[in-house]
Amino acid sequence: MTTEFTPYMSLGGGILIGLAATLLMVFNGRIAGMTGILGGILPPVSSDWPWRAAFLAGAIIAPMIYVMSGNTIGFSVPISTGALVIGGLIVGVGVMFGSGCTSGHGVCGMARLSPRSIAATVVFMVSTGITVFVVRHIFGGI
Amino acid sequence: MRILSALVIGMIFGIGIAISGMANPAKVLNFFDIAGSWDPSLIFVMGGALITTAIGYRLVFGTRSTPLFEGAFVVPGNRIIDRRLVLGSATFGIGWGISGFCPGGAIPALGLGYSETFIFVGAMIGGMVLARGIDTAVFKTAKA
């Protein structure tokens, strides 16, 4: 299934993500990595969990307000529920051992030229590309 | 103040993710499907976020020695590329390629209210807790 090419909205969204990453550093002194922030509210819960919970709540509430105000956000899941559960488990294990994901390594870590983050980003982008190719063009979808 | 700032900044992050298309698995998967229904939009998300953050961090670290609401900047100092980082990242890519959801895309997507996101996030949190359990039991290197 195709999706519409949205360069302006995507660039605007990307700039907001970068703005949030910058602001979290200047105000809270923290990396805006979703894996790290979420990991800190899972057991064993980190002692600084309140700001983490607040960040997560804000990240969920804002899109909710946006769509409730009459705006639309494209959303479609082109895979089965079973694949969604397996994908979720694999993502959870991978980001924990890889110490980060697209936001932490791909944006914040790359922006400060961390060798670990550059390596992690190259590895997961290639791994994702290979997986999508295998799933769609060899298995024919899941 | 640090709680309030985290809430507001989380909102900016969430709206950025939502309008960028990162919260839409179909769009994310199409970005990686160069051999099929390719949608290059995510280059603009990654590029916009990366350039803005690089400039922003340069300004922050160039002008301040401490953040406004905390005592110190907390930035990872580890620079060693080890097997754990590479295998973990490769594993994450497999899951991202299957589902089209990454953690930063999925959490804001919860606010859109679709059941698929709740199923994914539940499984992802299960995977994170499982990984931490394996880590503590097998490698004894888990960090709080």
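What you are looking at is a predicted structure, and each value in this text was computed from that prediction instead of being measured.

Turning our eyes to something else, we now look at the overall build of chain B. A tally of regular secondary structure across chain B gives six helices and zero strands. What you see in chain B, going N to C, is helices and strands ordered as α-α-α-α-α-α. Referenced to the eigenvectors of the C-alpha coordinate spread, the extents of chain B come out at roughly 45 × 40 × 30 Å. By residue count, 52% of the 144 residues in chain B fall in the buried class. The contacts of chain B with a sequence gap of at least 6 include a subset with a gap of at least 24, amounting to 43%.

Let's shift gears to the overall build of chain A. Looking only at helices and strands, chain A features six helices and zero strands. Reading chain A from its N end, one meets helices and strands in the order α-α-α-α-α-α. In terms of overall dimensions, chain A has a C-alpha envelope of 45 × 40 × 30 Å along the principal axes. Counting across all 142 residues of chain A, residues that qualify as buried make up 58%. A fraction of 44% describes how many contacts in chain A between residues 6 or more apart in sequence connect residues 24 or more apart.

Turning to the packing of helix H1 (residues 7-28) of chain A against helix H3 (residues 41-63) of chain B, a few remarks are in order. It is at 7 Å that the axes of H1 of chain A and H3 of chain B come closest, and there the two elements cross at 30°. In terms of orientation, H1 of chain A lies roughly parallel with respect to H3 of chain B. The chirality of how H1 of chain A crosses H3 of chain B is right-handed.

Each partner contributes residues to the interface: chain B has 101 residues there, and chain A has 105 residues. Breaking the side of chain B that touches chain A down by element, the ones donating at least two residues are helix H1 (2-20), helix H2 (25-32), H3, helix H4 (83-99), helix H5 (103-110) and helix H6 (115-139) of chain B. In terms of residue count, H1 of chain B provides more of the side of chain B that touches chain A than any other element does, 18 residues in total. By residue class, the composition of the side of chain B that touches chain A is 63 nonpolar, 28 polar and ten charged.

Helix length check: helix H4 (residues 81-97) of chain A (17 residues) gives 25 Å between terminal C-alpha atoms against 24 Å at 1.5 Å per residue, within 8%. Of all 17 residues making up H4 of chain A, twelve are buried, and the element is well covered by its neighbours. Buried residues of H4 of chain A: Leu 84, Gly 87, Gly 88, Leu 89, Ile 90, Val 91, Gly 92, Val 93, Gly 94, Val 95, Met 96 and Phe 97 of chain A, and no others. Where H4 of chain A is buried, its residues touch helix H2 (34-39) of chain A together with H4, H5 and H6 of chain B.

The subject of this paragraph is the packing of H1 of chain A against H1 of chain B. Put simply, H1 of chain A and H1 of chain B touch, their axes get as near as 7 Å, and they point 165° apart. By the angle between their directions, the pair H1 of chain A and H1 of chain B is classed as roughly antiparallel. Between H1 of chain A and H1 of chain B lies a crossing of left-handed hand. Residue composition of the contact of H1 of chain A with H1 of chain B, grouped by class: 15 nonpolar, eight polar and one charged.

All names here are of chain A. Look at H1: 31 Å from first C-alpha to last across 22 residues, which is about the 32 Å you get at 1.5 Å a residue. By the criterion of burial, H1 is predominantly enclosed, with 16 of the 22 residues buried. In the segment just after H1, Gly 29 is the residue with positive phi, at about 70°.

Moving on, we get to unusual backbone geometry. All names here are of chain A. Following Pro 43, the chain continues into Pro 44 via a peptide bond in cis, with omega recorded as -5°. Of note in this structure, Ser 99 is not a glycine but carries a positive phi near 55°. Its location among the elements puts Ser 99 in the loop between H4 and helix H5 (102-111). When the 23 C-beta atoms within 10 Å are taken as the criterion, Ser 99 is described as buried. Positive phi outside glycine occurs at Leu 113, with the angle close to 55°. By the secondary structure assignment, Leu 113 is in the loop between H5 and helix H6 (115-138).

What counts and how
- Residues numbered from 1 in each chain as written.
- Chains lettered and ligands numbered in written order.
- Predicted model: local features only at pLDDT ≥ 70, side-chain atom pairs only at ≥ 80, totals over all residues.
- Helix = DSSP H or I, 4+ residues; strand = E, 2+ residues; numbered from the N terminus.
- Buried ≥ 20, exposed ≤ 12 C-beta atoms within 10 Å, placed from the backbone.
- Contact = placed C-beta atoms within 7 Å.
- Axes fitted to C-alpha atoms, helices over the stretch in contact; angles between N-to-C directions.
- Parallel < 35°, antiparallel > 145°, perpendicular 65-115°, else oblique.
- Left-handed = near helix turned anticlockwise from the far one by under 90°.
- Nonpolar A, V, L, I, M, F, W, Y, C, P; charged D, E, K, R; others polar.
- Expected span 1.5 Å × (residues − 1).

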